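Examination of the molecular architecture
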Amino acid sequence: MIDTGELAPMEVAARAGRLRDRFDEAGCDALLVTRMVNVRYLTGFTGSAGVLLVDAEGMVLVTDGRYRDQASEQLGAVGVAARVEMAQTAAAQAQALGAAAAGIARLGLEAAHVSWAAQRRYASECFTSAELVATDGLVEGLRQHKDEGEIARMARAAAIADAALATIRPRLGERPTEAEVALELDSEVRRLGADGAGFETIVASGPNGARPHARPTRRAIVEGDLVVIDFGAALDGYRSDMSRTTMVGDPSDIQGRMLEVVAHSQVAGVAAVAAGVAGAEVDRVCRDVIAEAGWADAFLHGTGHGVGLDIHEDPRIARTSTATLVPGHVVTVEPGVYLPDQGGVRIEDMVLVTTGGSRCLTAAPKDPHLP
Ligand code: ZN
Ligand code: ZN
């Protein structure tokens, strides 16, 4: 049964203050937030267009008439104090932003999310008297740490995906196509109360499973297939992410070994997740098990990633990761082995880092065999 009770509130209104604390280090006095998922994080606004200016004292959200009511309602609902301005044309928007930014000496831009054209327009039309400063991941840095309300949403999204998989997985023995299974999972998560799929559902069977990010095809699932299902649910913008691999029929010796090795690697990786542990260390723990089995080259991706409003966000769990885990991080642990002649095996859980250790938010059974 999925809990349908009220979810803990998110502390949206406190986020701008934490963002301001990062301005000095970033060398700016204000930040122009143009990445919509970051606007949502800071204000609760879920529209598809808008620009948020956060300065030392306040916030101004410039959006258009489609969001006249929605913008103030959503900000008000989470107690965010910001001025909302409507601007219908690009010129009016430039003027509103310019006026809002008057007196700001150093204005930060989200460098990874501003196009060349936008940057030129900002420099020549909107913010002619400010120095534009490239910033990197200021809001994303805050987003890594989830509050109770965010965790509650991700946990419920994960529970919905668990339940959807339990309903749909028995069908794998009935020769459905990958696309049919994906569609059924997507419908089921919605039926169970999710806003939609957490991301594009992966159902990859037989040879397709050897490609970690295969898209569902019209291929029918048959005896002898390993079937990688990687999917999740979205709730209030927050996502869940889980992979399970199912063996349809009896595994070959190699398939049996793949299932064993990946299961062992994944359990070791989850056990390694704790506050103070480096992302690179969790990756190493998983990778060592697979390398010992002789399949180092068949583990084709990083071990995991943060999850939240984006399906892939920081911190990364990879060889090259510089992150150290802290309580409130939610990361995946998803080692895999991919062999073109056997298929793929991936097992993935979404894990919350706690003060005492960690807690898996995904709970679907990992037994690869159909009941
Ligand atoms: Zn996944
Ligand atoms: Zn993932």
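Okay, so let's go over this structure. (Residues numbered from 1 in each chain as written. Chains lettered and ligands numbered in written order. Predicted model: local features only at pLDDT ≥ 70, side-chain atom pairs only at ≥ 80, totals over all residues. Heavy atoms only, no water.)

Topic: the overall build of the protein chain
Per the secondary structure count, the protein chain includes eleven helices and 19 strands. Its C-alpha atoms give the protein chain a radius of gyration of 23 Å, within 12% of the compact-globule value 21 Å for 371 residues. C-alpha atoms of the protein chain, sized along the principal axes, occupy 70 × 40 × 40 Å. A total of 371 residues make up the protein chain; the buried ones form 54% of that total. When contacts within the protein chain are restricted to residue pairs at least 6 apart in sequence, long-range pairs at least 24 apart make up 68% of them. Across the protein chain, the 35 positively charged side chains and the 51 negatively charged ones have centroids separated by 3 Å. (Helix = DSSP H or I, 4+ residues; strand = E, 2+ residues; numbered from the N terminus. Rg over C-alpha atoms; globule rule 2.2 N^0.38 Å. Buried < 20%, exposed > 50% of the residue type's maximum accessible area, 1.4 Å probe, protein only. Contact = heavy atoms within 4.5 Å. Lys, Arg positive; Asp, Glu negative; His and termini not counted. Charge placed at Lys NZ, Arg CZ, Asp CG, Glu CD.)

Brief notes about the coordination of the zinc ion (ligand 2)
On the protein side, the zinc ion (ligand 2) has Asp-241 (OD), His-305 (NE2), Glu-334 (OE) and Glu-348 (OE) as donor atoms, found 2.1 Å from it. In this structure, the zinc ion (ligand 2) is surrounded by four donor atoms whose angles at the metal cover 77 to 152°, and the resulting shape is irregular. Along the chain, the residues donating to the zinc ion (ligand 2) fall in the pattern D-x63-H-x28-E-x13-E. In this structure the zinc ion (ligand 1) is found 3.0 Å away from the zinc ion (ligand 2), and Asp-241 serves as a bridging donor for the pair. Residue Asp-241 is located in the loop between β11 (238–239) and β12 (242–247), and its partner Glu-334 is located in the loop between β15 (330–333) and β16 (336–339); the two are separated by 93 residues in the primary sequence. Using a relative accessible area of 8% as the deciding quantity, one classes Glu-334 as buried. (Donors = N, O, S within 2.8 Å, 3.2 Å for Na, K, Ca; no water. Tetrahedral: all angles 85-135°; square planar, octahedral: opposite > 155°, others 65-115°.)

Some remarks on the side chain of Asp-283
Within the fold, Asp-283 resides in helix α11 (residues 279–292). Residue Asp-283 is classed as buried on the basis of its relative accessible area, which comes to 1%. Excluding anything up to four places from it in sequence, Asp-283 contacts Gly-302, Thr-303, Ile-317, Ala-318 and Arg-319.

Some words on helix α5 (residues 90–100)
Looking only at α5, the buried set comprises Ala-94, Ala-96, Leu-97, Gly-98 and Ala-100. Check the buried side of α5 and you find it contacts β1 (30–33), β2 (51–54), β3 (59–63), β4 (83–86) and α6 (116–126).

Focus on the coordination of the zinc ion (ligand 1)
In ideal tetrahedral geometry, four donors around a metal make angles of 109.5 degrees, whereas ideal octahedral geometry with six donors gives angles of 90 or 180 degrees. Donor atoms from the polypeptide that coordinate the zinc ion (ligand 1) comprise Asp-230 (OD), Asp-230 (OD), Asp-241 (OD) and Glu-348 (OE), at 2.0 to 2.6 Å from the metal. Around the zinc ion (ligand 1) sit four donor atoms, and with donor-metal-donor angles ranging over 55 to 151° the site reads as irregular. Motif for the zinc ion (ligand 1), donor spacing along one chain: D-x10-D-x106-E.

A word on the sheet that holds β11
Remark on secondary structure: sheet strands pair via backbone hydrogen bonds, oriented parallel or antiparallel. Here three strands make up an open sheet; going across it, the order is β7-β10-β11 and the pairing antiparallel. Single-partner strands in this sheet number two, and they are β7 (196–197) and β11. (Pairing = 2+ DSSP bridges.)

Observations concerning the sheet that holds strand β9 (residues 226–231)
One open sheet holds the three strands; their spatial order is β8-β9-β12, and the pairing between them is antiparallel. In this open sheet, the two edge strands, each paired with only one partner strand, are β8 (202–205) and β12. When the angles between neighbouring strand axes are averaged without regard to direction, this sheet yields 15°. Pairing of β8 with β9, which is carried by four bridges, proceeds in the antiparallel orientation. Considered in β9, the bridge of Ile-202 is made with Asp-230. Contacts from helix α9 (residues 178–191) reach β8 and β9, with the element oriented near 150° to β8. (Axes fitted to C-alpha atoms, helices over the stretch in contact; angles between N-to-C directions.)

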